[in-house]
Amino acid sequence: MRVLVLASAVGLIAVLPCSAQIWGGPVPASARGSVAGRGIVVAPQPRTPRSEIRAGERSGQLTRHEARQLGRADTVNADIAARLSSNGLTESEAAELNTRSILLHEDIVRARFNGSTRPKSR
């Protein structure tokens, strides 16, 4: 009888830690093992200024004139980046290029979504 009680106690102790484990369940079939099925979020890759400008022009958010102006600004930024990076970038040059990139992105977003440069419809 003691052997039965001792064996059941050992069996119960061995089962308890397993029941405390956390299991999230199976990965949905639609996820097919992707990171989305595991709850991992991957930030989308930013689009290039040119693709943002083209998308704005195609959707009608930018006029041809606005798209041309923004394209010229992107070309100027690329020329400056090429000139500065020919013999390596200093910290201040890298910061300037980063600031120019941010400002161009803000100009594109403002032109696409505010519509402030286009005449108001009546």
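Residues numbered from 1 in each chain as written. Predicted model: local features only at pLDDT ≥ 70, side-chain atom pairs only at ≥ 80, totals over all residues. Heavy atoms only, no water.

## What about the overall build of the protein?
So, step 1. Each helix and strand in the protein was counted, giving four helices and zero strands.
So, step 2. Sorting the 122 residues of the protein into buried and exposed places 17% on the buried side.
So, step 3. Considering only intrachain contacts with a sequence separation of at least 6, the fraction spanning at least 24 residues in the protein is 55%. (Helix = DSSP H or I, 4+ residues; strand = E, 2+ residues; numbered from the N terminus. Buried < 20%, exposed > 50% of the residue type's maximum accessible area, 1.4 Å probe, protein only. Contact = heavy atoms within 4.5 Å.)

## A closer look at the packing of helix 3 (residues 64–84) against helix 4 (residues 91–113)
So, step 1. For the pair helix 3 and helix 4, the least separation of the axes is 11 Å and the interaxial angle reads 170°. As far as their axial angle goes, helix 4 and helix 3 are roughly antiparallel. Between helix 3 and helix 4, the contacting residues are Leu70, Ala73, Asp74, Asn77, Ile80, Ala81 and Leu84 on the first element and Glu93, Glu96, Leu97, Arg100, Ser101, Leu104, Asp107, Ile108 and Ala111 on the second.
So, step 2. For the contact of helix 3 with helix 4, the class distribution of residues is nine nonpolar, two polar and five charged. (Axes fitted to C-alpha atoms, helices over the stretch in contact; angles between N-to-C directions. Parallel < 35°, antiparallel > 145°, perpendicular 65-115°, else oblique. Nonpolar A, V, L, I, M, F, W, Y, C, P; charged D, E, K, R; others polar.)

## What about the confidence of the model for the protein?
So, step 1. In the predicted model, the protein carries a mean pLDDT of 75, and the fraction of residues at 70 or more is 56%.
So, step 2. Mean pLDDT across the elements of the protein bottoms out in helix 1 (residues 2–19) (57) and peaks in helix 3 (94).
So, step 3. Throughout residues 117–122 the model reports pLDDT below 50, and contacts reaching past four residues in sequence, or to other chains, amount to eight contacts. (pLDDT = per-residue confidence, 0-100.)

## Re the nonpolar core
So, step 1. Counting seven residues, the largest nonpolar core is built from Ile53, Leu62, Ala67, Leu70, Leu104, Ile108 and Ala111.
So, step 2. Going through the elements one at a time, helix 3 and helix 4 are the ones with two or more residues in this core.
So, step 3. When neighbours within four sequence positions are excluded, Ile108 is seen to be in contact with Pro49, Glu52, Ile53 and Leu70. (Core = buried A, V, L, I, M, F, W, Y, C linked by side-chain atoms within 4.5 Å.)

## With respect to helix 4
Every α-helix winds through 3.6 residues per turn, so residues three or four apart in the chain are directed the same way.
So, step 1. Spanning 23 residues, helix 4 covers 33 Å between terminal C-alpha atoms, matching the ideal 33 Å at 1.5 Å per step.
So, step 2. Considered for burial, the residues of helix 4 that qualify are Leu97, Leu104, Ile108, Ala111 and Arg112.
So, step 3. Considering only its buried residues, helix 4 is in contact with helix 2 (49–59) and helix 3. (Expected span 1.5 Å × (residues − 1).)

## With respect to the pattern of salt bridges
Think of it this way: side chains of opposite charge can pair up when their charged atoms draw near.
So, step 1. Taken as a whole and assessed by the stated rule, the structure comprises five salt bridges.
So, step 2. Two residues, Glu52 and Arg47, come together in a salt bridge whose shortest N-O distance is 3.3 Å.
So, step 3. Linking Glu96 and Arg100 is a salt bridge whose minimum nitrogen-to-oxygen distance equals 3.3 Å. Of this pair, Glu96 and Arg100 both sit in helix 4, separated by four residues, roughly a single helical turn.
So, step 4. By relative accessible area, which is 30% here, Arg100 ends up partly exposed.
So, step 5. Overlapping salt bridges bring together Arg47, Glu52 and Arg112 as one network. (Salt bridge = Lys/Arg side-chain N within 4 Å of Asp/Glu carboxyl O.)

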